[in-house]
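An overview of the molecular structure
Take a look at the letters that make up each chain.
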Amino acid sequence: GKTVVVVHRGRRLARQHPGAPVLLTTFNTNIAAELDRSLRSLDPELGRASRLGEPGAYVKGIDALASEVLRQAGPGIIDACAEVLGVGRSDLQRRTARSAWRDAVETAGQGLPERLRRDVFLQSEYEMVILPARITREEEYLRQPRPGRGVRLNRAARRAVWAVVSAYRAAALQDDTIDFAEAAMIAATHLERSGTRQAQHVLVDEGQDFKPCHWHLVRALVAPQDNDIFIVEDSHQRIYGNKVVLSHHGIQIRGRAAKLRLSYRTTAENLEFAVRILEGHTFTDSDGEDDSLDGYLSARTGPRPQVESCPSPAEELDFAARTLRSWLREDGVAPETLAILVRDTAGRARVVEGLAQHGIEVRPLDRGIPHPGAPVALTMHRAKGTEFAKILLFGLSTGSIPIRLDAYKYDTAEYEDAMLRERSLLYVAASRARDELVITYHGSPSELLPQSPAEVHKPQPLP
């Protein structure tokens, strides 16, 4: 229901203030496209803007917004870039390669302790500490507080980190690139310096996945006023990045939040299963307060989720094929409302190919909405913001989820937070099913799957 609230509120503000720029933004392009489609479906006659700053409703992902601000900025962007990176530049449209941090470690990471010679740590330190504070010199970094950072760094370690940051920035300067977080921070700095406000109202969907530089950009896009910023988030669905406290980045929400507890998407049975994935773990909202799922309700009922243990990968694929065939034979079922969710793109390719060998066409989904005529296969990350009538969560075996967490073992707190994001990812995937949810694995099940019925919290249907 979060996105529904954003769409209706955006429409109302645009109707009430027809001459005002009303901006709707979110973390990724797929959800932005869904926001745009929903707004058009709700009100086809609503005034729409064709670019940032124009009157009317305007929908765009937050990183695309940063790029648009940079393109519109003109010569003033040079000073903003110098304030953030220490060097003024004007061409800021090319993005830095993902391998850049690894290359910087090879170039200048000799002074780092072995456990900190990791891309994920250095990128996180850069995005959570250095960029939001607009640090451009080593002595500034040596003095900078690091609230919420699990890894303690002495002075020598900070110097070693700064050496890698300097190498990273130098390589980007030579390649004429910036990364996405830098783009957002430079865009925010330009708007602050110029006093330009590009919106009268900014509405944020999936705020739990925004990074500090994104929040600086949101704050800079609109002047403080009534109805300036409206945020929807769910800390239990944080599947990207670190925890962020908004008050650290100029956005005050304390005492101004309300919680949505009634689910219309999924059944009470599916919601109960999804909640059990998170049970026993602590979540905090963007105000830094504990967040819980206590009191969540569903307006609908349906079959209990089915968990199927298979002896082998081949037999798991056989079961998936039988399940899809049975769903496709049901009266009134549109094939595109059926989905198979997997952990990563490699798993998606395997299941699409395997089901094709069983004579079942399943289309991989990367962008946009499913085309009519066939079930779809998509990653759990791609499933964010979607819903399907029936979902098969495929391949939830030991080693499939959680995956790729060794890089976070440099610090216990960071590793536990990465594991929590994997739990949230599975929670997101399970809660995409409107009516029926089936889960399969072969061999041993993932440690993230609920092991026994939960009595502590069991969402119930409305009377």
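To start, this report covers the structure provided alongside it. (Residues numbered from 1 in each chain as written. Predicted model: local features only at pLDDT ≥ 70, side-chain atom pairs only at ≥ 80, totals over all residues. Heavy atoms only, no water.)

Per the secondary structure count, the protein chain includes 14 helices and 14 strands. Against the 2.2 N^0.38 benchmark of 23 Å for 463 residues, the protein chain shows a C-alpha radius of gyration of 23 Å, consistent with a compact globule. Counting only C-alpha atoms, the protein chain reaches 65 × 55 × 40 Å along its principal axes. By the burial criterion, 53% of the 463 residues in the protein chain qualify as buried. (Helix = DSSP H or I, 4+ residues; strand = E, 2+ residues; numbered from the N terminus. Rg over C-alpha atoms; globule rule 2.2 N^0.38 Å. Buried < 20%, exposed > 50% of the residue type's maximum accessible area, 1.4 Å probe, protein only.)

What follows concerns the packing of aromatic side chains. For the structure shown, the criterion picks out seven aromatic pairs. Taking 5.0 Å as the distance between ring centres and 40° as the angle between the ring planes, the aromatic pair formed by F210 and W215 counts as tilted. Both residues of the pair, F210 and W215, belong to the buried class. Members of the aromatic cluster, connected to one another through ring pairs, are W101, Y126 and Y168. (Phe/Tyr/Trp six-rings, centres within 6.5 Å; stacked < 30°, edge-to-face > 60°.)

In this section: the pairing of strand β3 (residues 201-204). Residues H201 and L203 point to one face of β3 and V202 and V204 to the other, with burial holding for every one of them. Here strand β1 (residues 21-25) runs beside β3; their pairing, made up of four bridges, is parallel. When the sheet's bridge partners are listed, T25 is paired in β3 with V204. Two strands pair when backbone bridges link them, and β3 and strand β4 (residues 229-231) are joined in this way by three bridges, in the parallel orientation. Looking at β4, one finds that V204 is bridged to I231. For the segment spanning β3, helix α10 (residues 212-221) and β4, crossover handedness is right-handed. (Pairing = 2+ DSSP bridges. Right-handed = clockwise from strand over helix to strand, strands pointing away.)

Looking now at the pattern of salt bridges. It is possible for side chains of opposite charge to pair when their charged atoms get near one another. This structure, assessed with the given rule, holds 40 salt bridges. When the shortest N-O distance is used, the salt bridge between E83 and R193 registers 2.7 Å. Of this pair, E83 sits in helix α4 (residues 77-85) while R193 sits in helix α9 (residues 180-194), and the two are 110 residues apart along the sequence. Here E140 ties to R137 by a salt bridge, and the two come within 3.5 Å at their closest N and O atoms. Using a relative accessible area of 42% as the deciding quantity, one classes R137 as partly exposed. Within this structure, D79, E83, R134, E192 and R193 form a network of salt bridges that share partners. (Salt bridge = Lys/Arg side-chain N within 4 Å of Asp/Glu carboxyl O.)

What follows is about the packing of helix α5 (residues 100-108) against helix α8 (residues 155-175). Axis separation between α5 and α8 bottoms out at 8 Å; the angle between their running directions is 120°. Classified by the interaxial angle, the pair formed by α5 and α8 is oblique. Like other packed secondary-structure pairs, α5 and α8 cross with a definite hand, here right-handed. Here α5 contributes A100, W101, A104, V105, T107 and A108 to the contact with α8, which in turn contributes A163, V164, V165, A167 and Y168. Of the residues belonging to the contact of α5 with α8, the class tally is ten nonpolar, one polar and no charged. (Axes fitted to C-alpha atoms, helices over the stretch in contact; angles between N-to-C directions. Parallel < 35°, antiparallel > 145°, perpendicular 65-115°, else oblique. Left-handed = near helix turned anticlockwise from the far one by under 90°. Contact = heavy atoms within 4.5 Å. Nonpolar A, V, L, I, M, F, W, Y, C, P; charged D, E, K, R; others polar.)

This paragraph deals with unusual backbone geometry. With an omega of 5°, the peptide bond running from I401 to P402 counts as cis. One can find P402 in the loop between β13 (388-393) and α14 (412-430). Unusually for a residue other than glycine, D176 sits at a positive phi of about 60°. By secondary structure assignment, the location of D176 is in the loop between α8 and α9. When its relative accessible area of 29% is taken as the criterion, D176 is described as partly exposed. Although it is not a glycine, R404 sits at a positive phi angle of roughly 55°.

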